[in-house]
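Secondary and tertiary structure notes
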Amino acid sequence: MSFIIGKKCISTCDTACVEVCPVDCIHGPIDTEGAGAEVKTLDSVEGLQLYINPDECIDCGACVPACPVDAVYESEEDCIDDEGDDKSVVKNYEFFNLEWEG
């Protein structure tokens, strides 16, 4: 299980979650290693979002209260229950070239 960023982040890309992450496991919307740094350089984040690397996340939960749009879920199941499908979960794993085994 991993914390997951859901579709509420799309076109927002607020990096408050990145700033509080103690292990720098939140990346995107383009760079899989940049800890969200490219957000500040983009003219638009339309259609883009941030992602949590499930292999790096230590499940500390610091990102949850930091997210101003409530886009961070404590588990894949919570994300699926709230969003009604597994698309965000799959996108998070695929962003890091990983396969979700849910």
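Note: the structure precedes this text.
One structure accompanies this document, and this report is about it. (Residues numbered from 1 in each chain as written. Predicted model: local features only at pLDDT ≥ 70, side-chain atom pairs only at ≥ 80, totals over all residues. Heavy atoms only, no water.)

1. Looking at the overall build of the protein chain
Assigned secondary structure in the protein chain consists of 4 helices and 4 strands. Secondary structure elements of the protein chain occur, N-terminal to C-terminal, as β-α-β-β-α-β-α-α. Rg of the C-alpha trace for the protein chain: 12 Å, near the compact-globule value of 13 Å for 102 residues, within the 12% margin. Taken along its principal axes, the extent of the C-alpha atoms in the protein chain is 35 × 25 × 25 Å. Looking at the protein chain residue by residue over its 102 residues, the buried ones come to 43%. Restricting to contacts in the protein chain with at least 6 residues of sequence separation, those with at least 24 account for 71%. For the protein chain, the accessible area works out to roughly 5500 Å², and carbon and sulfur atoms hold 46% of it. Computing the positive centroid from 5 side-chain charges and the negative centroid from 24, the protein chain places the two 8 Å apart. (Helix = DSSP H or I, 4+ residues; strand = E, 2+ residues; numbered from the N terminus. Rg over C-alpha atoms; globule rule 2.2 N^0.38 Å. Buried < 20%, exposed > 50% of the residue type's maximum accessible area, 1.4 Å probe, protein only. Contact = heavy atoms within 4.5 Å. Areas by Shrake-Rupley, 256 points an atom, 1.4 Å probe, with all protein chains shown as cover. Lys, Arg positive; Asp, Glu negative; His and termini not counted. Charge placed at Lys NZ, Arg CZ, Asp CG, Glu CD.)

2. Section: empty space enclosed by the protein
For the coordinates displayed, the defined rule picks out 2 cavities of 30 Å³ or more. When its volume is computed, the largest cavity comes out at roughly 70 Å³. Residue lining of the largest cavity: 14 residues in total, with Cys21, Cys25, Cys57, Cys60 and Cys63 positioned closest to the centre. Considering only residue class, the lining of the largest cavity consists of 12 nonpolar, 1 polar and 1 charged. One number sums up the size of the second largest cavity: a volume of about 40 Å³. In terms of lining residues, the second largest cavity is bounded by Ile5, Cys9, Asp14, Cys17, Cys67, Val69, Ala71 and Val72. Its residues assigned to classes, the lining of the second largest cavity shows 7 nonpolar, no polar and 1 charged. (1 Å grid on protein atoms, 1.4 Å probe; cavity = no way out; pocket = protein on both sides within 12 Å on 5 of 7 lines; lining within 4 Å. Points joined across faces, edges and corners; volume = space filled by probe spheres on them. Nonpolar A, V, L, I, M, F, W, Y, C, P; charged D, E, K, R; others polar.)

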